[in-house]
Amino acid sequence: MDEKKSKELAFEEMVDTMREEVELKLQRMFGRTLKTATDAQLYKAMATLLRDRVMEKWAYSKEMEYETNGRQMYYLSMEFLMGRLFGNNLMNLGLDQQVAQVCKELKIDLDKVRDSEPDAGLGNGGLGRLAACFLDSLATLGLEGHGNGIRYEYGLFKQKIVDGYQVEVPDPWLEDGNIWEIAKPEEPEIISFGGTIERRIEKGKEVVKYCDAQCVKAIPYDVPVVGYDSEVVNTLRLWSARAIKPMDMGLFGQGRYVDSVAEKELAETITKVLYPEDNHPEGKSLRLKQQYFFVSASIQSIYRKFKKAGNNIFDFHKKVAIHINDTHPALGIPELMRILMDKEGLDWEDSWRITCQTFAYTNHTILEEALEKWPQELFKSLLPRIYEIVHEINEIFCRDLWKKYPGEWEKIGSMAIISYGTVHMSKLAIAGSYSVNGVAKLHTDILKEDVFRDFYQACPSKFRAITNGVTHRRFLAKANAELADLITGYIGEDWMKAPQDLERLKTYAKDSSFQKNVAEIRLKNKESLAEHIENQYGIQVNPESIFDVQVKRLHEYKRQLMNAMHIMFLYNKILDNPNFPMHPRTFIFGAKAAPGYHNAKMIIKLIHSLAKKINNDPRVKDKIKIVFMENYRVSLAEKIIPASDVSEQISTAGKEASGTGNMKFMFNGALTIGTLDGANVEMKEAVGNDNMYIFGLTSEEVSQYYREGHYRPYEIYETNPELRLVLDQFVNGFLDSEHPDTFRGLYEGLLYGHYGMADPYFVLKDFEPYCQAHTRLGLEYKKPDIWWEKAILNIAAAGIFSSDRTIRDYNQQVWKLPFVKTK
Ligand SMILES: *Cc1c(COP(=O)(O)O)cnc(C)c1O
């Protein structure tokens, strides 16, 4: 029998098996049949039968891991923005076609089933999604790298829009159960907070005792991480807090029922909810508790597993690499020191040597307000033993610096981990790691030259750039299956595991039938997004219009406001001249604002006021539409991005460390309008200046303005009448005639500044070049052969932005894990 025939038979067999299994699972799990089951029950039945297969693979993978006892990497992150797992696991196990066939035969609506899965929204934005993409690539490449994080009972809030304003609603994503997690209550770790430290001499050795600490139990919930076409199944271990005593029986016996469970409530608060601030840490004691809770649980369990395998403690750093995703898990450094000294009995020097060869740190931002700091007193009272260790690390660190830079007090002070009553987490992370990396070339250059200049000069070999990436399997193959099939038809399927192969598409960039196919798929995706928009918001958008999209967290540095001002500019142009030449545009936004971030929330309101005005104005009908997509999240990104023509990546240069949204769009063939910021710089290098719309200040120019303090936005306002009109419309009742002062705060922030400088993100300065870039883009859209050639060249050059490449870079330069040999 030939290979093709046997493949077909295997396919049919799998379809038959799974068809029967779906019906059996429904009966056994819910006592329902296909006719009587709900969509949610169908989802659970199908996810469970998929999970059964994942579990079998996991078992083999774990056994192999145990037997080889090879080097493991643990990725510690406060956030894992996983999104939905069903469709991804289907694709990675190579069962998507079979399940589609089963659904067809049983008349099950697979899309509805998929939509029954809640997003695992355990993250804010790019940083959390990066961690999720890394897990996918690690498993796919056959590397043993595991995630460790927090099992928040409530993920990132759901966003509702009421009267144009964002309203936050809780996200109880676990309410209906979570098919993908396996609770391990039999493997708890104990975490201690507060209390005092006592020292005693026992058998001639000093022993450290923790007295009167409040202890909390950490329960692991393990989620299997399946790679694409891979035998390796890794583990995402999420920790949940439990009280050690479920209830105080003494108080209960006295009839004090509420008091009797107070301690339990307090303990379980730790993992209740994700802090919703992106690029802006909350300096609250509960946040510090969350950090220590999950870091301590992770390190204790890593140590436990290491010991159980019978390893020698002096080999710890040879068997274990621990990566910290930003400084949030930096307490892992003193925590490992604590375990090595207080549990293992090593001395300081050996413990420090091992620790410094175990940890690696990724910096994610240079925004001053995002660098983590803790008040020394809070730190000390919550984590007394950890404080002692950090204090000692700092003493020794500063003493060494003194030898290196005798007399240079200022330099040493600026590098100190503890100074002026504050604990600086980034300095702790740098001091305790063997590798520090930025997430794009430009970002790393700024770290070296500016933020961490002194550290870089003291130890240049520690620093490196490793550019972020995204999993092209989720964001292209899964999100845009038709485009993926088309690509495979032209260049074969190897690009799924070797994304560099997308380069082969270059040959077809001018091929008119390939162009036509790409354009048709885009149009289909736009039609289905248009249908979704009409159903959700009752707004009719024209699928033939340019879909111009900005989806990402709302932040002033990301400049959604500049995008909105450009729309106002176009609107004014059309009112002024009804024959103003422009191809119809649909502007699509999606963005959550941190609940306490006033300006960000006002920008959301402004976009809604503008949408209300423009969408209802017959004079611009068919020319401009604005859609704000509520509750932007991973599953929505997967719907929007494949339907996008234009990707807005317009942050103030120097502010966006990398960006990863930009890469998702590139894989789907959207053209980028953007600044020379973050990974946009490398996208330009990869695809060429002619295939992007680059505009605006460079990061050097921005930093020069900051240094010299001579930026005068008011002068731009006075000299550019079109911009002036737009700004005046913020406050003259144009946007909201009943409440003309709604946007006065934004207006004044741009022209005068409230506390600091006016327009600190250079919206006015970049406005004109931004409008010009849009004009260029609009003209090119009218030439389909040019537009689609550029789109294809973008896809062809996107390969280096796969997280597969990123993970290979980390592994080569930092982790040095062996590739698991299978079969
Ligand atoms: C990729 C992604 C982000 C990051 O987008 P940027 O444009 O890089 O800020 C944020 N949120 C979600 C849901 C994402 O999928």
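Everything numeric in this text was worked out from a predicted model, so none of it was measured.

**Student:** I'm lost on the overall build of the protein chain in this one. Help?
**Tutor:** Of the regular secondary structure elements, the protein chain holds 34 helices and 25 strands. Scaling as 2.2 N^0.38, a compact globule of 823 residues should have a C-alpha radius of gyration of about 28 Å, and the protein chain matches this with 28 Å. Viewed in the frame of its principal axes, the protein chain has a C-alpha envelope of about 90 × 75 × 60 Å. Contacts in the protein chain between residues at least 24 apart in sequence constitute 77% of all its contacts with a sequence separation of at least 6. Accessible area for the protein chain stands at about 34000 Å²; split by element, carbon and sulfur atoms hold 50% of it.

**Student:** Just to check I follow, could you spell out the sheet that holds strand 16 (residues 418-419) for this structure?
**Tutor:** In any sheet, the strands associate via hydrogen bonds between backbone groups, in a parallel or an antiparallel arrangement. Ordered in space as 15-17-16, the three strands form an open sheet in which the pairing is antiparallel. Looking at which strands have only one partner, the edges of the open sheet turn out to be strand 15 (373-375) and strand 16. Across three bridges, the pairing between strand 15 and strand 17 (residues 422-424) is antiparallel. Note on strand 17: the bridge partner recorded for tryptophan 374 is valine 423.

**Student:** How do you make sense of the packing of helix 12 (residues 332-343) against helix 15 (residues 384-404) when you look at a structure like this?
**Tutor:** Helix-helix packing is described using two parameters, namely the angle between the two axes and the distance between the axes. Viewed as axis vectors pointing N to C, helix 12 and helix 15 meet at an angle of 100°, and their least axial separation amounts to 9 Å. Judged by the angle between their axes, helix 12 and helix 15 are roughly perpendicular. Of helix 15, the residues touching helix 12 (which contributes Ile333, Pro334, Glu335, Met337, Arg338, Met341 and Asp342) are Arg385, Ile386, Ile389, Val390 and Ile393. Grouping the constituent residues of the contact of helix 12 with helix 15 by class yields eight nonpolar, no polar and four charged.

**Student:** How should I be thinking about unusual backbone geometry in this particular structure?
**Tutor:** For residues besides glycine, phi is generally negative; the peptide bonds are generally trans as well. We note that aspartate 163 has phi near 55°; this positive angle belongs to a residue other than glycine. Structurally, aspartate 163 can be placed in the loop between strand 5 (158-162) and strand 6 (165-169). We classify aspartate 163 as exposed; its relative accessible area is 62%. You will see that phenylalanine 762, though not glycine, has its phi angle at about 60°, which is positive.

**Student:** Hey, could you run me through the side chain of threonine 355 in this one?
**Tutor:** Along the polypeptide, threonine 355 turns up in helix 13 (residues 348-356). The exposure class of threonine 355 is buried, given its relative accessible area of 0%. Sequence-distant contacts of threonine 355, defined by excluding residues within four places in its chain, comprise Ile333, Leu336, Met337, Leu340 and Gly432.

**Student:** Just checking my understanding: could you explain the UniProt feature "modified residue: N6-(pyridoxal phosphate)lysine" (unreviewed entry) in the protein chain for this structure?
**Tutor:** According to UniProt, the feature "modified residue: N6-(pyridoxal phosphate)lysine" (unreviewed entry) maps to Lys664 in the numbering used here. Along the chain, the position of lysine 664 falls in helix 26 (residues 661-667). Classification of lysine 664 by relative accessible area gives buried; the value is 8%. The residues contacting lysine 664, other than those within four sequence positions of it, are Arg129, Val470, Phe475 and Ile641.

**Student:** For this particular structure, what's the right way to read the environment of aspartate 501?
**Tutor:** Of note, aspartate 501 is situated in the loop between helix 21 (481-491) and helix 22 (512-537). The spacing of aspartate 501 and alanine 796 is 295 residues in sequence and 8.1 Å in space, taken between C-alpha atoms. Residues in contact with aspartate 501, not counting those within four places in the same chain, are Ile491, Asp494 and Trp495.

**Student:** Would you mind going over the sheet that holds strand 24 (residues 671-674) with me for this structure?
**Tutor:** Reading across from one edge, 22-21-20-23-24-25 is the order of the six strands in this open sheet, with parallel pairing throughout. Of all the strands in the sheet, the pair left with one neighbour each is strand 22 (624-628) and strand 25 (693-694). Relative to strand 24, strand 23 (residues 646-649) runs parallel, the two sharing four bridges. Bridge pairing links valine 646 to leucine 671 in strand 24.

**Student:** Explain the pairing of strand 4 (residues 145-150) to me, please; I cannot follow it from the model alone.
**Tutor:** Each regular strand carries side chains that alternate between the two faces of the sheet. Most of strand 4 sits out of view: six of its six residues are buried. Because side chains alternate across strand 4, one face comprises the buried residues Gly145, Gly147 and Gly149, and the other comprises His146, Asn148 and Ile150, equally buried. As paired elements, strand 1 (residues 72-76) and strand 4 share four bridges and run parallel to each other. Of the residues in strand 4, the one forming a bridge with leucine 76 is asparagine 148. Sheet topology places strand 4 next to strand 12 (residues 233-243); four bridges connect them, and they run parallel. Bridge pairing in strand 12 places isoleucine 150 opposite tryptophan 239.

**Student:** Sorry if this is basic, but what is going on with the side chain of arginine 559 here?
**Tutor:** Position of arginine 559 relative to the elements: it lies in the loop between strand 20 (546-551) and helix 23 (560-576). Among the residues examined, arginine 559 registers a relative accessible area of 0% and is labelled buried. Separated by 2.8 Å, the side chains of arginine 559 and aspartate 766 make a polar contact.

The rules behind each value
Residues numbered from 1 in each chain as written. Predicted model: local features only at pLDDT ≥ 70, side-chain atom pairs only at ≥ 80, totals over all residues. Heavy atoms only, no water. Helix = DSSP H or I, 4+ residues; strand = E, 2+ residues; numbered from the N terminus. Rg over C-alpha atoms; globule rule 2.2 N^0.38 Å. Contact = heavy atoms within 4.5 Å. Areas by Shrake-Rupley, 256 points an atom, 1.4 Å probe, with all protein chains shown as cover. Pairing = 2+ DSSP bridges. Axes fitted to C-alpha atoms, helices over the stretch in contact; angles between N-to-C directions. Parallel < 35°, antiparallel > 145°, perpendicular 65-115°, else oblique. Nonpolar A, V, L, I, M, F, W, Y, C, P; charged D, E, K, R; others polar. Buried < 20%, exposed > 50% of the residue type's maximum accessible area, 1.4 Å probe, protein only. UniProt positions renumbered as here; feature names shortened; annotations may be inferred. Polar contact = N/O pair within 3.5 Å; in protein donor to acceptor, adjacent residues only side chain to side chain.

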